[in-house]
Amino acid sequence: MTIRESSFDVVVLGGGPAGLAAAIAADKKGASVLLVEREKKLGGILKQCIHDGFGLVYFKERLTGPEYAQRFIDEFFSRNIAYRTQAFAVETARGAQGFSLLLQSAQGMERILSKTVVLACGCREKTSRQVFIHGDRPAGIFTAGTAQYYVNIMGCLPTKRCVILGSGDIGMIMARRLTLEGAQVEGVYEIKNSPAGLARNVSQCLEDFNIPLHLSSTVTKVTGVKRVESVEICAVDENFAPVEGTQRTVPCDALILSVGLLPENEVAEALGVEIDPATKGAVVDQTLMTSVPGVFSCGNALHVNDLVDYVTISGELAGACAAAYTGHARSQVCVRYDSSDFLYAVPQRYDTAAGGPFDLYFRVREECRNKRVAVEAPGLVKKTRKYLRLTPSEMEVLRIDPGEGIIDGDIRLSMLDAT
Amino acid sequence: MTCIVCPNGCRLTVTGTGENIQVEGALCKKGIDFAVNELTRPMRSLTSTVRTVFPDMPRLPVKTRGEIPKGNMLDAMKIIRRALVTERLKTGDVVIKDVFGTDIVATATM
Ligand SMILES: Cc1cc2nc3c(=O)[nH]c(=O)nc-3n(C[C@H](O)[C@H](O)[C@H](O)COP(=O)(O)OP(=O)(O)OC[C@H]3O[C@@H](n4cnc5c(N)ncnc54)[C@H](O)[C@@H]3O)c2cc1C
């Protein structure tokens, strides 16, 4: 059997907002582009995010997830960019001339050769917390994203009365959605002493519908034979240890988990890309190139963004840089920070050979007030910004511009009390 | 109260009553308008899905074009749940006319 073979400058893996933006940006730069999407339709996870609040940064408009995605899908199609849906790279290899991918799709097998690869595979939901819950493993334990898929795409209600564990945004949004559809949400339980998601979602998703948010509490046990029958709720102390005597049994038919998202790294790992233990995504430089030359990463595959607008912006950067890729020798410095102050910073490297200004994204480890964040490096005028309030659930961005200077040493991100 | 206009989620402190409402903590003017409306006539936009006859897309995502009174959200849901889409619609098309002063429109293209 002979396998069809075609060559491109840029292959984008993933057809969500990051991948669409990357493909469009690479096409604008004149590169030949192929976009590969595993599912039947383009748009990624936004297809099921029917609530609004998307696009305020990028379009200065309040759009729903599908509306936001549609704008990029329309532009993508109007540019006649090549794409394959229901397609999957069964084999991804690095060769002398670039990359070789073996694609399996509805059209059969096909070999794709490409100078560069942009990883835009999005993220998946954490489920690991499940293993710490004692008791039975009946049906009725699923993630908020799965509930979202059932309700918004399939149109079926997966619960009549549920408990939501974790106060992530998707969990709160699903608490409202399930309530509107007639289910009863007994409560949202969060192990930390502050909500994980945005304050506006606590207000418009929980308070508007009188759904109780219980902080410093968790689910310790699940009971049920075939289906969840009840869960045991327990208060926790500052070390997240259950407080004896606070146990309470809540009858319900489902336990919905909203305990965070993790970048999807299957292909990145197959290509030997270095992963940052802080973001759980690829280590990249300011062009969003990973440790493997010619491989770029963007969107939620790179780090979990709280706004899709930043996902689009990173896709555009990765796509444009992939199109401009020349294979020049890199000379990288590190971005360093104290991990007691910061959860992570992206990019993790700066290529002094490529140079130029860049956006430094970071998250703080704990909520804090009246701080000054500074960025310094040899060859860079020190940049500082004052913040009245910083919180881990909100990503911050600082524009770093060396201007005429050349950064020629590690970049240091630090935090001080504002005076 | 928390402003829900955008993801900034400004924490607003409201003092006074009637004509003399003072709002503190808003990063923009929208936050002040939000607080005043919230005290007088709270409004919300509503998003949901409508059943369709098409097996490849059993639900069509929809939204209220404008906002509706906060207290009418569950009533609006009853109307939305009764509706059935029988033709292929695209983003922006009206699905249900005049629901609490606004229209229910499609937010995706089928
Ligand atoms: C359940 C859920 C709900 C969310 N809700 C919100 C929200 O309300 N607001 C918000 O701003 N953000 C939300 N997010 C975050 C959301 O992921 C981002 O805003 C945005 O969709 C990320 O875009 P992306 O392109 O990086 O990833 P995605 O939108 O996830 O797109 C990734 C695409 O890549 C495809 N793919 C993955 N692996 C491969 C492969 N190997 N080959 C080919 N294709 C592949 C997937 O099928 C998918 O279509 C949510 C995330 C999840 C998981």
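All values reported here derive from a predicted model rather than from experimental measurement.

Observations concerning the overall build of chain A
- On a plain count of helices and strands, chain A comes out with seven helices and 28 strands.
- Expected size for 419 residues packed as a compact globule is a radius of gyration near 22 Å; at 23 Å, chain A falls within 12% of this value.
- With the C-alpha coordinates aligned to their principal axes, the bounding extent of chain A is approximately 65 × 65 × 40 Å.
- Counting the 419 residues in chain A, one finds 55% classified as buried.

Here we look at the pattern of salt bridges
- Considering all chains together, one arrives at 30 salt bridges over all chains under this definition.
- Of the charged contacts in the structure, one is a salt bridge between arginine 111 of chain A and glutamate 91 of chain A, with a shortest N-O distance of 3.5 Å. Residue arginine 111 of chain A is found in strand E8 (residues 108-119), and its partner glutamate 91 of chain A is found in strand E6 (residues 88-95); the two are separated by 20 residues along the sequence.
- With a shortest N-O distance of 2.9 Å, arginine 44 of chain B and glutamate 38 of chain B are connected by a salt bridge. Here arginine 44 of chain B and glutamate 38 of chain B have matching classes, each one buried.
- Each of Asp208 of chain A together with Glu38, Arg44 and Lys70 of chain B takes part in a single network of salt bridges with overlapping partners.

Description of the sheet that holds strand E27 (residues 396-400) of chain A
Residues and elements named next belong to chain A.
- Read from one edge to the other, the open sheet built from three strands follows the order E22-E24-E27, with strand pairing classed as antiparallel. The outermost strands of the open sheet, each flanked by one partner alone, are strand E22 (342-346) and E27. With strand direction ignored, the average angle separating the axes of adjacent strands in the sheet is 25 degrees.
- In this structure, E22 lies alongside strand E24 (residues 358-364), joined through four bridges in antiparallel fashion. Along E24, the bridge assignment pairs phenylalanine 342 with valine 364.

Details of the site of the ligand
Residues and elements named next belong to chain A.
- Taken together, 32 residues are adjacent to the ligand, and Ala18, Glu37, Ile45, His51 and Asn300 come closest.
- Aspartate 306 has a polar backbone atom sitting 3.3 Å from an oxygen atom of the ligand.
- For the ligand, whose accessible area on its own is 970 Å², the fraction buried by protein is 94%.
- When contributions to the shell around the ligand are tallied by element, the ones reaching two or more residues are helix H1 (17-28), helix H3 (144-154) and helix H7 (308-323).
- Within the shell around the ligand, the residues separate by chemical class into 17 nonpolar, eleven polar and four charged.
- Both of domain 1 (1-124 + 261-327) and domain 2 (127-259) provide at least three residues apiece to the shell around the ligand.

Looking at the domain arrangement of chain B
- Under the domain assignment, chain B is made up of domain 1 (1-40) and domain 2 (44-106).
- Using only C-alpha atoms to locate each centre, domain 1 of chain B and domain 2 of chain B end up separated by 29 Å.

Looking at the interface of chain B and chain A
- Across the contact, 31 residues belong to chain B and 30 residues belong to chain A.
- For the chain B and chain A pair, buried surface summed over both sides reaches about 2500 Å², with 52% attributable to carbon and sulfur atoms.
- Considering only the side of chain B, the residues that lose the most area to chain A are Ile4, Pro7 and Thr47 of chain B, jointly responsible for 23% of the buried surface there.
- In this structure, the connection of chain B to chain A is made through four salt bridges.
- Taken together, the links from chain B to chain A amount to twelve residue pairs in polar contact (both at pLDDT 80 or more).
- Taken together, the elements giving at least two residues each to the side of chain B that touches chain A come down to strand E4 (47-52), strand E5 (59-64) and helix H2 (73-82) of chain B.
- With four residues, the single largest contributor to the side of chain B that touches chain A is H2 of chain B.

Considerations on unusual backbone geometry
Residue and element names in this part refer to chain A.
- The omega torsion of the bond from valine 346 to proline 347 falls at 0 degrees, within 30 degrees of zero and hence cis.
- Tracing the sequence through the fold places proline 347 in the loop between E22 and strand E23 (349-351).
- With a phi angle near 55 degrees, lysine 60 is a residue other than glycine that sits in the positive phi range.
- With respect to the helices, strands and loops of the structure, lysine 60 is situated in the loop between strand E3 (52-54) and strand E4 (63-64).

Definitions and limits used
- The residue count restarts for each chain, going from 1 along the sequence in the order it is written.
- The naming scheme follows written order: chains are lettered A onward, ligands numbered 1 onward.
- With the structure being a predicted model, the display of local features is reserved for residues of pLDDT at least 70 and the display and counting of side-chain atom pairs for 80 or more, all residues being used for whole-chain, interface and lining totals.
- Calculated side-chain values reflect all of the structure's heavy atoms, with hydrogen atoms and water omitted.
- Secondary structure is summarised from DSSP: a helix means a run of H or I of at least four residues, a strand means a run of E of at least two, and numbering begins at the N terminus for each.
- We compute the radius of gyration over the C-alpha atoms and compare it with the globule rule, which gives 2.2 Å times the number of residues raised to the power 0.38.
- Exposure is judged per residue with a 1.4 Å probe applied to protein chains only, and the accessible area is read against the type maximum: over 50% gives exposed, under 20% gives buried, and values in between give partly exposed.
- One speaks of a salt bridge when a side-chain nitrogen belonging to Lys or Arg is within 4 Å of a carboxyl oxygen belonging to Asp or Glu.
- Any two strands are treated as partners once DSSP identifies two or more bridges connecting them.
- Angles run from 0 to 180 degrees between N-to-C directions of axes, and those axes are lines fitted to C-alpha atoms, restricted for helices to the stretch in contact.
- Here, proximity means that at least one heavy atom of the residue falls within 4 Å of the molecule or strand.
- Identification of polar contacts relies on pairs of N or O atoms within 3.5 Å, with a donor-acceptor requirement for protein atoms, meaning one able to donate a hydrogen and the other able to accept it, and with residues adjacent in sequence counted only if both atoms are side-chain atoms.
- With residues, only the protein chains shown are counted as cover, and all accessible areas are computed by Shrake-Rupley using a 1.4 Å probe.
- The classification used treats Ala, Val, Leu, Ile, Met, Phe, Trp, Tyr, Cys and Pro as nonpolar, Asp, Glu, Lys and Arg as charged, and all other residues, Gly among them, as polar.
- Segment limits for the domains were obtained from an automatic or database-derived domain assignment.
- Here, two residues are considered to be in contact whenever any of their heavy atoms come within 4.5 Å of each other.
- When two parts are put together, the accessible area they lose, computed with a 1.4 Å probe and summed over both, is reported as buried area.

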